[in-house]
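Listed below, chain by chain, are the residues.
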Amino acid sequence: MSQILRLPAPACRHNVRGRCDYEEILNPGYDPEYRCRVLVRLQQVYDTFLAQADAFDLDESKATGIWEKRFREVCSEDTGCQEYEPDDTNSYPGCALCLGDVCVIRLPECGGRCRNYTPKPRG
């Protein structure tokens, strides 16, 4: 029996670097496996900081100054991500694979033209 091959789908609006973002667009944030591990870790660091700031009853201006210093320290460290690809953006983590808070390589591979195939808009 022959195997049916799908046509490639590089012109699909859901094809991002050979990955499919259809499910993420349909239900943003539904699958936690798609999240950028670096940003998830940053969120955990921030949540811990907020708990500490609350425990020490810091006012907003004091807490903001401390967080800004910690954030600069976090940004200067290596992200620890093995898939990290430097990008020319100024936003943290500055990775070419980061699409908002989604890591493109964590999305499912594009299997070719499927029922969700939608051509990219022209122009």
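Here is what the cut-offs are and how they apply
- Residues numbered from 1 in each chain as written.
- Predicted model: local features only at pLDDT ≥ 70, side-chain atom pairs only at ≥ 80, totals over all residues.
- Heavy atoms only, no water.
- Salt bridge = Lys/Arg side-chain N within 4 Å of Asp/Glu carboxyl O.
- Helix = DSSP H or I, 4+ residues; strand = E, 2+ residues; numbered from the N terminus.
- Buried < 20%, exposed > 50% of the residue type's maximum accessible area, 1.4 Å probe, protein only.
- Expected span 1.5 Å × (residues − 1).
- Contact = heavy atoms within 4.5 Å.
- 1 Å grid on protein atoms, 1.4 Å probe; cavity = no way out; pocket = protein on both sides within 12 Å on 5 of 7 lines; lining within 4 Å.
- Points joined across faces, edges and corners; volume = space filled by probe spheres on them.
- Nonpolar A, V, L, I, M, F, W, Y, C, P; charged D, E, K, R; others polar.

*Asks:* Talk me through the pattern of salt bridges; I want residue IDs and the actual numbers.
*Replies:* Using the criterion set out here, one finds 4 salt bridges in the structure. Across the pair Arg 35 and Glu 24 runs a salt bridge, and its minimum N-O distance is 2.8 Å. Of this pair, Arg 35 sits in the loop between α1 (22-26) and α2 (37-55) while Glu 24 is found in helix α1, placing the two residues 11 residues apart along the sequence. For Glu 24, a relative accessible area of 9% translates into the label buried. Its salt-bridge partner being Arg 35, residue Asp 101 comes within 3.1 Å of it at the nearest N-O pair. Pair noted here: Asp 101 is in the loop between β3 (98-99) and β4 (102-103) and Arg 35 is in the loop between α1 and α2, with a separation of 66 residues, a long-range link.

*Asks:* Which residues make up α2, and what are the values?
*Replies:* The first and last C-alpha atoms of α2 sit 27 Å apart over 19 residues, in line with the 27 Å expected at 1.5 Å per residue. Tucked into the core, α2 has its buried residues touching α3 (60-76) and β3. With its phi angle positive at about 55 degrees, Asp 57 sits one or two positions after the end of α2.

*Asks:* I'd like a rundown of the side chain of His 14, residues and numbers included.
*Replies:* Turning to its location among the elements, His 14 is positioned in the segment before β1 (15-16). Once residues lying within four places of it in the same chain are set aside, the contact partners of His 14 are Arg 19, Cys 20, Asp 21, Tyr 22, Ile 25, Asn 116 and Thr 118.

*Asks:* Tell me about empty space enclosed by the protein, and name the residues and values.
*Replies:* Tallied over the entire structure, the rule returns 1 cavity of 30 Å³ or more. In this model, the largest cavity occupies a volume close to 110 Å³. Considering the residues around the largest cavity, the lining is formed by 14 residues, among which Cys 36, Val 38, Cys 81, Cys 95 and Cys 103 are closest to the centre. Only α2 and β4 provide two or more residues apiece to the lining of the largest cavity. Looking at the lining of the largest cavity residue by residue, the class counts come to 10 nonpolar, 1 polar and 3 charged.

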